[in-house]
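# Survey of secondary and tertiary structure
The chain contents come next:
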Amino acid sequence: MFRLVARNPRPAAALLSGARFKSTSKVTTLKERLQQIIPERVAEVKEVRQKYGSRVLGETTVDMAYGGMRGIKGLVTETSVLDPEEGIRFRGLTIPECQKLLPKAPGGEEPLPEGLFWLLVTGEIPTTEQVQALSADWAARSMIPPHVEDILDRCPNTLHPMSQFVLAITALQHESAFARAYQNGVPKAQYWDYAYEDANDLIAKLPAVAARIYRNVYKDGKVAPVDNSLDYSANFARMLGYTDPTFTELMRLYLTIHSDHEGGNVSAHATHLVGSALSDPYLSFAAGMAGLAGPLHGLANQEVLRWIMKVRDEVGTDVTDADIKAYLWKTLKAGQVVPGYGHAVLRKTDPRYTCQREFALKHLPTDPMFQLVSQIYNVAPGVLTEHGKTKNPWPNVDAHSGVLLQHYGFKEQDFYTVLFGVSRALGVMSGLIWDRVLGLPIERPKSLSTAVIKKMFEGKQ
């Protein structure tokens, strides 16, 4: 088994150039491996708390409290960390490193989401055999109950796909092993086991749920059955109705890079927060998806695509940089933002944008919409820097994904956030498993009123 432990202090370059991974032919399941590493990780957290429990992580200002807690260091998320300069690291690995090290489908070039989930849960790179076993496990768990099918089939086509997605996830709660175990008085030390089962059941069922919503709303309502011989992304693409192997590769990349983004984003934090009340993984994830449905979070990719299409319709695709620059200034002077640019944490181009751009350069370099995105990428940072009101003038993940989907005929923009939700389950469920492993308590930060804040500081320098 290939092993890459996230706590390794060496820089990423050393991991890629000098690491020596141990290999064994024995196939260990994800749950068995998790059971093996839990004692060590629990002891590590206990040691950290004993040594550094009274240390201060950072300062909190009044502006932070009023400004959505932006920048407050108040969460621990083991699965990923977002660096302002480097972007996301999954258990210490950058996206290019994940693309290189994670197992791939036969003949494929993009990492399998199953491998990314294994990495997020264990901090280790799985073998191809382990990923294949996880694919088979998820396929075996994938059937959705008749009552959930019935609920989705009864939804009006005018009900937003994300509303249907949240509804189905809540209905799946009927299957929760965690809820039943808690009702029966299971010991706290076993919470993680039932949370693990729920998390994997949920992840396994989401493609079938999402595909049923898609086929009901936009197509003929017929969903292909799961093929136990296929990987997670291949089954998902097939159930959606797409057979192009390159689209399947795009799904593998998309589901991998959208999976996790440390713990402070709305969907991750909402899932963690609700889970801290010992709500089961289904209810916790439903809360996270309700947050993902917001325009400032998961709906951003729709807004980007619609803006790019507006640029195309008003300016055209065969345009000069000067034309693009003029349109950007027109957008800014109208008091609007340039969607797809800027990020709450990042201060450079989002690596998730970069890997999608590389995919496009490889598979659709002459696509007019991709060429327009590339041209905006060359012009927008300079305009935004000159404008002076954007801390990060570089593109984020949402600046590209919609255009890629459009190229393959996936034009139903209202559904894009459901794709995001299927991916985000990998990150938030792996985090929730560890919340239960570590026995984290209910989350309850202290609040202050404006009057109390004024009293704290009035008359003081």
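Residues numbered from 1 in each chain as written. Predicted model: local features only at pLDDT ≥ 70, side-chain atom pairs only at ≥ 80, totals over all residues. Heavy atoms only, no water.

A count of helical and extended segments in the chain gives 21 helices and two strands. Taken over the C-alpha trace, the chain has a radius of gyration of 23 Å; the compact-globule value for 461 residues is 23 Å, and the two agree within 12%. Judged by the C-alpha coordinates and their principal axes, the chain covers about 70 × 65 × 55 Å. Burial statistics for the chain: of 461 residues in total, 52% are counted as buried. Within the chain, counting contacts between residues at least 6 apart in sequence, those at least 24 apart form 76% of the total. In the chain, the 51 positive side-chain charges and the 49 negative ones have mean positions that sit 6 Å from each other. (Helix = DSSP H or I, 4+ residues; strand = E, 2+ residues; numbered from the N terminus. Rg over C-alpha atoms; globule rule 2.2 N^0.38 Å. Buried < 20%, exposed > 50% of the residue type's maximum accessible area, 1.4 Å probe, protein only. Contact = heavy atoms within 4.5 Å. Lys, Arg positive; Asp, Glu negative; His and termini not counted. Charge placed at Lys NZ, Arg CZ, Asp CG, Glu CD.)

The UniProt feature table records "active site" (unreviewed entry) at His 297, His 343 and Asp 398. The annotated residues occupy 102 residues of the chain but converge on a single region, no pair of C-alpha atoms lying more than 11.1 Å apart. When its relative accessible area of 14% is taken as the criterion, His 297 is described as buried. Beyond its immediate sequence surroundings of up to four residues, His 297 is in contact with Asn 265, Val 266, Ser 267, Gly 291, Leu 292 and Arg 424. Summarising the element assignment, His 343 is placed in the loop between helix H16 (321-333) and helix H17 (351-363). (UniProt positions renumbered as here; feature names shortened; annotations may be inferred.)

Time to look at empty space enclosed by the protein. Going through the model one piece at a time under the given rule, you end up with two cavities of 30 Å³ or more. By volume, the largest cavity amounts to about 90 Å³. Taken together, Ser 135, Trp 138, Ala 139, Ser 142, Ala 204, Pro 207, Val 226, Leu 230, Tyr 232, Asn 235, Phe 236 and Met 239 make up the full set of residues lining the largest cavity. When contributions to the lining of the largest cavity are tallied by element, the ones reaching two or more residues are helix H6 (128-140), helix H10 (191-218) and helix H11 (232-240). Here the lining of the largest cavity takes four residues from H11, the largest share from any one element. For the lining of the largest cavity, a count of residues per class yields nine nonpolar, three polar and no charged. By volume, the second largest cavity amounts to about 50 Å³. Lining the second largest cavity, in full, are Val 304, Trp 307, Ile 308, Pro 339, Tyr 341, Val 373, Ile 376 and Ala 399. (1 Å grid on protein atoms, 1.4 Å probe; cavity = no way out; pocket = protein on both sides within 12 Å on 5 of 7 lines; lining within 4 Å. Points joined across faces, edges and corners; volume = space filled by probe spheres on them. Nonpolar A, V, L, I, M, F, W, Y, C, P; charged D, E, K, R; others polar.)

As a further point, take the packing of helix H15 (residues 300-315) against helix H19 (residues 398-407). Two quantities define a packed helix pair, namely the angle between the helix axes and the distance between the axes. Across the interface, H15 lies against H19 with an axial gap of 8 Å and an inter-helix angle of 70°. By the angle between their directions, the pair H15 and H19 is classed as roughly perpendicular. Residues Ala 300, Asn 301, Val 304, Leu 305 and Ile 308 of H15 form the contact with H19, whose participating residues are Asp 398, Ala 399, Ser 401, Gly 402, Val 403 and Gln 406. Split into classes, the residues belonging to the contact of H15 with H19 amount to six nonpolar, four polar and one charged. (Axes fitted to C-alpha atoms, helices over the stretch in contact; angles between N-to-C directions. Parallel < 35°, antiparallel > 145°, perpendicular 65-115°, else oblique.)

What follows is about the domain arrangement of the chain. Parsing the chain into structural domains produces domain 1 (132-297 + 412-438) and domain 2 (299-408). For domain 1 versus domain 2, the distance between C-alpha centres works out to 29 Å. With 23 residues of domain 1 in contact, the opposing surface of domain 2 contributes 21 residues. Here domain 1 packs against domain 2, burying approximately 2,100 Å² in sum over the two surfaces, 62% of which is carbon and sulfur. Among the residues domain 1 hides against domain 2, the three largest losses belong to Leu 250, Gln 413 and Tyr 416. Together they make up 30% of the total. (Domains from an automatic or database assignment. Buried area = accessible area lost by both parts, 1.4 Å probe.)

On a regular strand, one side chain projects to one face of the sheet and the next to the other, so that they alternate. The two faces of strand S1 (residues 80-83) differ: Ser 80 and Leu 82 on one face are buried, but Val 81 and Asp 83 on the other face are not. Bridge count for S1 against strand S2 (residues 87-90) is four bridges, and the pairing is antiparallel. Bridge assignment links Ser 80 to a residue of S2, and that residue is Phe 90. Count of turn residues in the S1/S2 antiparallel hairpin: three residues. (Pairing = 2+ DSSP bridges.)

As a further point, take unusual backbone geometry. Of note, Met 69 is a non-glycine position whose phi angle comes to about 60°, a positive value. The residue Met 69 is located in the loop between helix H3 (62-66) and S1 in this model. A positive phi angle, near 65°, is found at Leu 278, a position not held by glycine. Take Leu 278: it is sitting in the loop between helix H13 (266-276) and helix H14 (281-292). Residue classification places Leu 278 among the partly exposed positions, given a relative accessible area of 25%.

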